[in-house]
Amino acid sequence: MVTLEEAKNAFKPKLKPIEWKKDSLLLLDQSLLPFQTVWVKLTDPEGVASSIKNMQVRGAPAIGITASYGMVLSVRGDNLDEAISSMRKAKAVLDSARPTAVNLSWATSRMLEKANLAVEQGEVKDVNELRELMEREANSVFEEELEAELKMGIYGLEKINSGDAVLTQCNAGGLATGTGLGTALAPVKLAHALGMDVSVFAPETRPWLQGSRLTVYELMTDGVKTTLITDTAVGLVMYKGMVQSVMVGADRILSDGHVYNKIGTFKEAVIAHEMGIPFFALAPTSTFDMKNRVEDVKIEERDPNEVRYIRGVPVAPAEVEVYNPVFDVTPPKYVTGIITENGIIYPPFEKNVRKIVER
Ligand code: MRU
């Protein structure tokens, strides 16, 4: 098995979409990539929440990191009570920006709990000290994510042979995590960096086109051989044996192994199951929701115009009724394994998820 040091030396991130600048947060606007490179500057938690809502930043881990910095920006007021109250309000605003990715509330809860504890225990004397502590915590969220991805990459590498092609969905690369590496794309990027002959099939991922705009751009930037396909081609690609595994990210994974990810993932999982192709979800443990069941999780539905138009060009009668869920849920029976930074979880998930996540 490749060591963490070897992985760190082999892979050098190129596309890093989140930059913390002490009093502001810079985000590479993913709604415009790859056609325009525009950085958005944010100085308050409300602006951060809007950027998450309108998907200038997207992808579960990247949303979590962004929200952590949003919490840093919310440390305001004349005394510690005011600062904590401001952080509580910011948490509510940030958490409501998007409903499905659990990393968002995981990150804001982590930040608020850390702040409450530091104030209770007299660890910080004033608002400035609290803000510095929060800044260090947000930086840790970011650094821990990259380390987790390198570890997922190492575990995932064991599932890839030279000559393999991997089918993915959406963008679960470094743009979606903020680090430049990614979750689902980590094994293939590491494999490529280590000199293996590997490639990716990227479905375009209607309606927001994370596949064609972001995954393709990101993999081409990293020099990984990539083939763009329509979402409707995944069945044929698997039927013809053109891919040897499916690797996707996740926005939320339940303790019983249900995997929430970009719409279209469920279809890939069912076809992979039928065709005997292994289907892996890759996610850090911060993506696990150990409390809720399927009936409790809200699947985000977005603006119907995302479907009626493609980047401003009409592709349907303007008045057509639209259903636009942007995530789906894959039942555990279709999941071969879940790759985390703590190791690979195999069925039965009901029993094994806890062992790895709560380690
Ligand atoms: O709507 P998005 O673009 O935020 O959805 C992103 C995904 O579905 C990703 O696959 C998921 O967040 C994992 S990112 C490493």
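Residues numbered from 1 in each chain as written. Predicted model: local features only at pLDDT ≥ 70, side-chain atom pairs only at ≥ 80, totals over all residues. Heavy atoms only, no water.

Visitor: What am I meant to see in the UniProt feature "active site" (unreviewed entry) in the protein chain here?
Guide: Within this structure's numbering, the places UniProt gives as "active site" (unreviewed entry) are Asp251. One can find Asp251 in the loop between β7 (245-248) and β8 (252-254). Given the relative accessible area of 7%, Asp251 is considered buried. For Asp251, the contacting residues outside a window of four places in its chain are Ala60, Thr100, Ala101, Val102, Asn103, Tyr260, Asn261, Lys262, Thr287 and Phe327. (UniProt positions renumbered as here; feature names shortened; annotations may be inferred. Helix = DSSP H or I, 4+ residues; strand = E, 2+ residues; numbered from the N terminus. Buried < 20%, exposed > 50% of the residue type's maximum accessible area, 1.4 Å probe, protein only. Contact = heavy atoms within 4.5 Å.)

Visitor: I would appreciate a short explanation of the sheet that holds strand β5 (residues 199-203) in the present structure.
Guide: Hydrogen bonds along the backbone pair up the strands of a sheet, which may run parallel or antiparallel. Strand order in the open sheet formed by seven strands is β6-β5-β4-β7-β10-β15-β16, and the pairing between neighbours is mixed. The open sheet has two edge strands with one neighbour each: β6 (225-229) and β16 (343-345). The sheet shows a mean angle of 30 degrees between the axes of neighbouring strands, taken without regard to direction. Inspection of the sheet shows strand β4 (residues 165-167) paired to β5 by three bridges, in the parallel sense. When the sheet's bridge partners are listed, Leu167 is paired in β5 with Phe201. (Pairing = 2+ DSSP bridges. Axes fitted to C-alpha atoms, helices over the stretch in contact; angles between N-to-C directions.)

Visitor: Is there a simple way to think about the UniProt feature "site: Transition state stabilizer" (unreviewed entry) in the protein chain in this case?
Guide: Mapped onto the present numbering, the UniProt feature "site: Transition state stabilizer" (unreviewed entry) falls at Cys170. For Cys170, the residues in contact, after removing those within four places along its chain, are Arg58, Thr205, Gln210, Gly211, Thr215 and Lys262.

Visitor: Would you take a moment to explain the site of the ligand for this structure?
Guide: Neighbouring residues of the ligand: 19 residues in total, closest Arg58, Arg98, Gln210, Asn261 and Lys262. The contact in question runs from an oxygen atom of the ligand to an N or O atom on the backbone of Gly59, over 2.9 Å. Interatomic distance of 2.8 Å between a backbone N/O atom of Ala60 and an oxygen atom of the ligand. Protein chains bury 100% of the 410 Å² of accessible surface belonging to the ligand in isolation. (Near = heavy atom within 4 Å. Polar contact = N/O pair within 3.5 Å; in protein donor to acceptor, adjacent residues only side chain to side chain. Areas by Shrake-Rupley, 256 points an atom, 1.4 Å probe, with all protein chains shown as cover.)

Visitor: Before we go on, may I ask you to explain the packing of aromatic side chains in this structure?
Guide: Centre-to-centre distance and the angle between the planes together describe a pair of aromatic rings. The full count for this structure, using the stated rule, is three aromatic pairs. Ring centres of Trp20 and Tyr69 lie 4.8 Å apart, and the angle between their planes is 15 degrees; on these two criteria the pair is classed as stacked. You can see Trp20 sitting in strand β1 (residues 18-20) and its partner Tyr69 sitting in helix α3 (residues 60-73), a full 49 residues away along the chain. Accessibility expressed as a relative area gives 1% for Tyr69, which makes it buried. When the ring of Tyr69 is compared with that of Phe142, the centres are 6.5 Å apart and the planes differ by 70 degrees; the resulting orientation is edge-to-face. (Phe/Tyr/Trp six-rings, centres within 6.5 Å; stacked < 30°, edge-to-face > 60°.)

Visitor: So what exactly am I meant to see when it comes to a nonpolar patch on the surface here?
Guide: A cluster of nonpolar residues, Leu236, Tyr239 and Met275, forms a patch on the protein surface that exposes about 340 Å² of accessible area. Looking at the secondary structure, you find Met275 in helix α11 (residues 265-275). (Patch = residues over 30% accessible without salt bridge, like charges linked within 9 Å, V, L, I, M, F, W, Y side chains within 5 Å. Salt bridge = Lys/Arg side-chain N within 4 Å of Asp/Glu carboxyl O.)

Visitor: Explanation requested: the nonpolar core in the structure shown.
Guide: Most often, soluble globular proteins have nonpolar side chains that are buried together. Counting 41 residues, the largest nonpolar core has Leu25, Ile52, Tyr69, Met87, Leu130 and Met134 as its most contacted members. Broken down by secondary-structure element, the contributors of at least two residues to this core are β1, β2 (25-28), β3 (39-42), α2 (45-53), α3, α4 (80-95), α5 (103-120) and α6 (127-157). With nine residues, the single largest contributor to this core is α3. Ignoring anything within four residues of it in the chain, the contact list for Leu25 reads Ile18, Glu19, Trp20, Val40, Lys41, Leu42, Val48, Thr66, Tyr69 and Leu73. Counting residues in each nonpolar core, the second largest holds 29 residues, with Ile229, Met238, Ile253 and Ile277 among its members. (Core = buried A, V, L, I, M, F, W, Y, C linked by side-chain atoms within 4.5 Å.)

Visitor: Please clarify how helix α9 (residues 210-221) should be interpreted in this entry.
Guide: An α-helix turns once every 3.6 residues. As a result, residues three or four positions apart point the same way. The end-to-end C-alpha separation of α9 is 15 Å, in line with the 16 Å expected for twelve residues at 1.5 Å each. Looking at α9, one finds that the buried residues are Gln210, Gly211, Arg213, Leu214, Thr215, Val216, Glu218 and Leu219. As for α9, its buried residues are in contact with α7 (174-177), α8 (186-193), β5, β6 and β9 (259-262). Following α9 by one or two positions, Gly223 adopts a phi angle in the positive range, close to 80 degrees. (Expected span 1.5 Å × (residues − 1).)

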